[in-house]
Amino acid sequence: MDKIRSYSRGFGQLLKKILKRYIPYIKEYKKEYLLVLIGIIFTVGATTATAHIMKPLMDQMFIEKKEDMLYLIPIGLVGIYFFKSLGRYMQSVFMNYIGQHIMTRFREILLEKIINMDMEFLYLNRSGELISRVTNDIERIRYFVSNMLPEFFRESLTVIALIGYVIYLNPVLAFYSLVVLPVVVYPILYIGKKLKKYSRRSQEKNADVVSRLTEVFNNSEIIKANATQKFEMDRFSAQNREFFKINMKSVYVGDIVSPMMEIVGAMGLAAVIFVGGREVYDGRMSVGEFTAFITAVGLVFQPIRRIGSIYSKVQDAVAASERVFEVLDTQNNIIDGQKILEDDITEIEFRGVKLKYEDNYALDDINIKIKQGENIALVGDSGGGKSTFINMLLRFYDPHEGEVLINGTNIKEFTQDSLKHHISLVTQRIYIFQDTLAANVAYAQEIDEQRVKEALKLADAMDFVDSLENGIDTKMEEFGANLSGGQRQRIAIARAIYKHSSLILLDEATSALDNESEKRIQAAFDEYTKDKITVTIAHRLSTIEHAHKILVMQKGKIIASGKHVELIDSCEVYQRLAGRLKN
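Residues numbered from 1 in each chain as written. Predicted model: local features only at pLDDT ≥ 70, side-chain atom pairs only at ≥ 80, totals over all residues. Heavy atoms only, no water.

Caption draft 1: Broad picture of the overall build of the chain. When helices and strands are counted, the chain shows 22 helices and ten strands. Relative to the compact-globule value of 25 Å for 583 residues, the chain shows a C-alpha radius of gyration of 35 Å, a clear excess of over 25%. Summarising its shape, the C-alpha atoms of the chain cover approximately 120 × 55 × 55 Å along the three principal directions. Put simply, the chain has 583 residues, and 48% of those count as buried. Looking at the chain as shown, the accessible area adds up to about 30,300 Å², and 56% of this sits on carbon and sulfur atoms. (Helix = DSSP H or I, 4+ residues; strand = E, 2+ residues; numbered from the N terminus. Rg over C-alpha atoms; globule rule 2.2 N^0.38 Å. Buried < 20%, exposed > 50% of the residue type's maximum accessible area, 1.4 Å probe, protein only. Areas by Shrake-Rupley, 256 points an atom, 1.4 Å probe, with all protein chains shown as cover.)

Next up, the structure:
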C-alpha cells in the first residue's frame, strides 16, 4: 500500500509540474475550455442516463407493459445519444483546436529558443536531435493536450457519476462490484513507471534515427562518390531496428493494461450477477433495477479501463515534456547587453583576450587595435586561433580573460542583434536558402532589385546570373544545388555587400574561385571596403599581399605582425606559410 501511495504521489507531483508549465498557454483558451466542459457534461450525463433508462425499460415497458413507454423510451434513447454525440463532438473539436494551436505556438517558441542559444549549444547538440524535439516530442505533447487530457477528465467524471449512481441504486451490491478495483492499482502504477523509461529511450532513439537521416541527406554526394550506400544503409538499419525494439517494449508493457482491466471488469460483473441475482430471487430488487445496475457497472468499467490506458500513455507525454522543457530551461552563457549599437564600427580592440577550450588556449593574450579603413589578414596553421578570432567579434564566445572593445565600449554591453546588424560574414561554407537568388542576396532585408544587381556586379556574378532563365528571380534549390561552388561563393560575397556593414569578416571567402575571378573581385572589394574594417582569413598569398597588417597566429598567440614585405624577411613561420599559400 505504501508503494501505491509512493508511485501515485510521485506521478501526481510530476503531472502537476508538467501541467503547471502549460497553464500560461492553456489559460488563454477560456471560451474553448468552457465549450469543452459543456461537451463533457453532455457526455457524462448521457452515459449515466443510458444506465438509468434500463429500469423503466424492463419494469414498465416489458413487465408492466405500459404502452406509452413504447414511445417514450425510444424517444428518450435517441435524445440521450443525441446529447452524448453532440458532447463528444464539441469536446473533440475544441480540444483539438486548443491542442493544435498551443503546439503550433510551442514549435515556434522552441525553435526561437534554439536559434537564439549560444553557438556552443548548437555545436554540441546534433541537428537531428534538435529537429526531433521540435517535431516528434512536440507531436507527443500535442496528443496529450488534445486527446489524453480531456479524455482523462471526461472518463474521470463519468466514473464518479456512474459510481454515485450504482451506490444510489444499491450500496451493498455496489461494494461487491467495485471491491476488485484496488487490485489493479499497483500493477498500473508500476507499468506507468516502466513506460516512462521506455518512452524517454524511444524519443532519444528517434533523435538518433533523424540524426542519421540528416547526415545521409546532407552528405549524399560523398556517399555516392564512395559507393558507400550499403554501409550507410547498414548503419541506419541498426539504429532503426533498435528504435523498433524499444517501441515494441513499450507496446508489450503498455498494452497489458486494457486486457487486465477487462479481466477485473469481468470479475466485478460476475460478483454483481451472483449477488444481484439472489436479490432479485428474494424480491428485494426488481428486474429493472438489476438491469439498470448491471448496465451502470458495465459502463463504469469502460471509462476505468480507458483511464488505465491513459495513465500508461501519459508517461510518453511526460517524457517528451521533460525533453522539451530541458531545452527551454537551458540558459545562455552569452548574456545579451542593453545598449543599441547605432553608429558604424570604426574601431575594434582586443585587450588581453584569452579564451580556453578545456586545457588549451584557443586565444592567448591577444592585444590588437584595428581602425576604420584597415584590412587585417590572419594567417597561421590549422588550430592557430584564426576562426576563433572572428567568432569573438560575432560574440559566438566571450573571453575568459580580457575584453573585446567596439568603438571603445565592451562588446558585452551591446545587444547581439544591433552588433550583428553592422557585421557581414562570408565563410568557405556557403549557405544558400530555398528562395529566389535575389532573396538570397538581400537575405532577411527588403529586396531592392537595383541594389541586388549592384552587389552581384561587385561580386563578379552578373554574367552567370544573366545566363539564368529567370535572372535574379531564379529559384535556388536546396543548398544551391543548381549552382557551381564558385557561383555559390559569389552569391555569398554579394550578400555581404548588399548588407552594407561597417565590419566585413572573410573566412577563406574566395576559396572556390579561380585566380582571375578572385583578382576581379579583390579589386572591386578593395574599393568597396576602403571606409570599412575588413578581417580576412587567407588561403592564398594574393589575398593578403596588400593587407594593411598581417597577423601570424600560432597556438592562439599572435607571434608576429606587419606587412607582407616586412614579414617575408623577418618571420620564419610566415616565410613557410607564404610558400605554402603561394603554391
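Caption draft 2: Structural detail: the pattern of salt bridges. On inspection of all chains with the given rule, the structure shows 31 salt bridges. Residues Glu129 and Arg323 are paired through a salt bridge, measuring 3.3 Å at the closest nitrogen-oxygen approach. A residue pair is termed long-range when its members are at least 10 positions apart, and Glu129 in helix H6 (residues 127-169) and Arg323 in helix H12 (residues 287-328) qualify at 194 residues. Glu129 sits in the buried class, given a relative accessible area of 9%. Assessed through its relative accessible area of 1%, Arg323 is described here as buried. The residue Glu204 makes a salt bridge to Arg200 at a minimum N-O spacing of 3.5 Å. Separated by four residues within a single helix, Glu204 and Arg200 lie in helix H8 (residues 182-218), roughly one turn from each other. Look at Glu204 and you get partly exposed, because its relative accessible area is 34%. The network of salt bridges with common partners includes Arg126, Glu129, Arg133, Asp137, Arg200, Glu204, Lys205, Asp208, Glu322, Arg323 and Glu326. (Salt bridge = Lys/Arg side-chain N within 4 Å of Asp/Glu carboxyl O.)

Caption draft 3: Layout of empty space enclosed by the protein. Applying the stated criterion across every chain, the model contains three cavities of 30 Å³ or more. Approximately 140 Å³ is the volume found for the largest cavity. Taken together, twelve residues line the largest cavity, and the ones lying closest to its centre are Leu506, Ala509, Thr510, Gln522 and Thr543. Elements supplying a minimum of two residues to the lining of the largest cavity: helix H19 (515-528) and strand S8 (533-537). Tallied by class, residues from the lining of the largest cavity come to six nonpolar, five polar and one charged. (1 Å grid on protein atoms, 1.4 Å probe; cavity = no way out; pocket = protein on both sides within 12 Å on 5 of 7 lines; lining within 4 Å. Points joined across faces, edges and corners; volume = space filled by probe spheres on them. Nonpolar A, V, L, I, M, F, W, Y, C, P; charged D, E, K, R; others polar.)

Caption draft 4: Seen up close, the packing of aromatic side chains. The final tally for this structure, using the stated rule, is ten aromatic pairs. With a centroid separation of 4.3 Å and 10° between ring planes, the pair formed by Phe350 and Phe389 is classed as stacked. Pair noted here: Phe350 is in strand S1 (residues 347-357) and Phe389 is in helix H13 (residues 386-393), with a separation of 39 residues, a long-range link. One exposure class covers both Phe350 and Phe389, and it is buried. Here Arg495 stacks its cationic end above the ring of Tyr443, 5.8 Å away from the centre of that ring. Above the plane of the ring of Tyr528 lies Lys532, whose end atom (NZ or CZ) is 4.9 Å from the centre. (Phe/Tyr/Trp six-rings, centres within 6.5 Å; stacked < 30°, edge-to-face > 60°. Lys NZ or Arg CZ within 6 Å of the ring centre and 35° of its normal.)

Caption draft 5: Inspection of the nonpolar core at higher detail. Ranked by internal contacts, the top residues of the largest apolar core, which has 38 residues, are Val166, Phe293 and Val300. For this core, the secondary-structure elements that each account for two or more residues are helix H2 (30-52), helix H3 (54-63), helix H4 (69-115), H6, helix H7 (171-178), H8, helix H11 (257-281) and H12. Looking at which element gives the most residues to this core, the answer is H12, with ten residues. When sequence neighbours within four positions are dropped, the list of residues in contact with Phe293 reads Val166, Leu169, Asn170, Leu173, Ala174, Ser177, Val272 and Met285. (Core = buried A, V, L, I, M, F, W, Y, C linked by side-chain atoms within 4.5 Å. Contact = heavy atoms within 4.5 Å.)

Caption draft 6: A look at the pairing of strand S2 (residues 360-371). Judged from the eight bridges that link them, S1 and S2 form a sheet pairing that is antiparallel. Bridged to Tyr357 within S2 is Asn360. What sits between S1 and S2 in their antiparallel hairpin is a turn of two residues, with Glu358 showing a positive phi close to 55°. (Pairing = 2+ DSSP bridges.)

Caption draft 7: Focus on the sheet that holds strand S10 (residues 557-562). The strand order S6-S7-S8-S3-S9-S10 describes an open sheet built from six strands, whose pairing is mixed. If you trace the sheet from one side to the other, it starts and ends with strand S6 (423-427) and S10, each paired once. Recorded for the sheet is a direction-independent mean angle of 15° between the axes of neighbouring strands. Bridge count for strand S7 (residues 503-507) against S8 is five bridges, and the pairing is parallel. Bridge pairing links Ile504 to Thr534 in S8. (Axes fitted to C-alpha atoms, helices over the stretch in contact; angles between N-to-C directions.)

Caption draft 8: Representation of the environment of Tyr198. Considering the arrangement of structural elements, one finds Tyr198 in helix H8. Considered as a pair, Tyr198 and Thr436 are 238 residues apart in the sequence and their alpha carbons are 45 Å apart. Among residues more than four places away in sequence, those in contact with Tyr198 are Ile246, Lys249, Ser250 and Val253.

Caption draft 9: Main features of a positive patch on the surface. Residues Lys197, Arg201, Arg241, Lys245 and Lys249 make up a contiguous surface patch of positive charge. Broken down by element, the positive patch gets its largest block of residues, three residues, from helix H10 (residues 229-254). Considering the arrangement of structural elements, one finds Arg241 in helix H10. A residue is classified by how much of its surface remains accessible, and Arg241, at 59% relative accessible area, is exposed. (Patch = residues over 30% accessible without salt bridge, like charges linked within 9 Å, V, L, I, M, F, W, Y side chains within 5 Å. Lys, Arg positive; Asp, Glu negative; His and termini not counted. Charge placed at Lys NZ, Arg CZ, Asp CG, Glu CD.)

Caption draft 10: Broad picture of the sheet that holds strand S5 (residues 409-410). The four strands are arranged S2-S1-S4-S5 in an open sheet whose pairing can be described as antiparallel. Edge positions in the open sheet fall to S2 and S5, since each of these has one partner strand only. The strands touched by H13 are S1, S2 and strand S4 (401-406); relative to S1, the strand with the most contacts, the crossing angle is about 120°.

It is worth stressing that arrangement in space is one thing and function is another; only the former is reported here.
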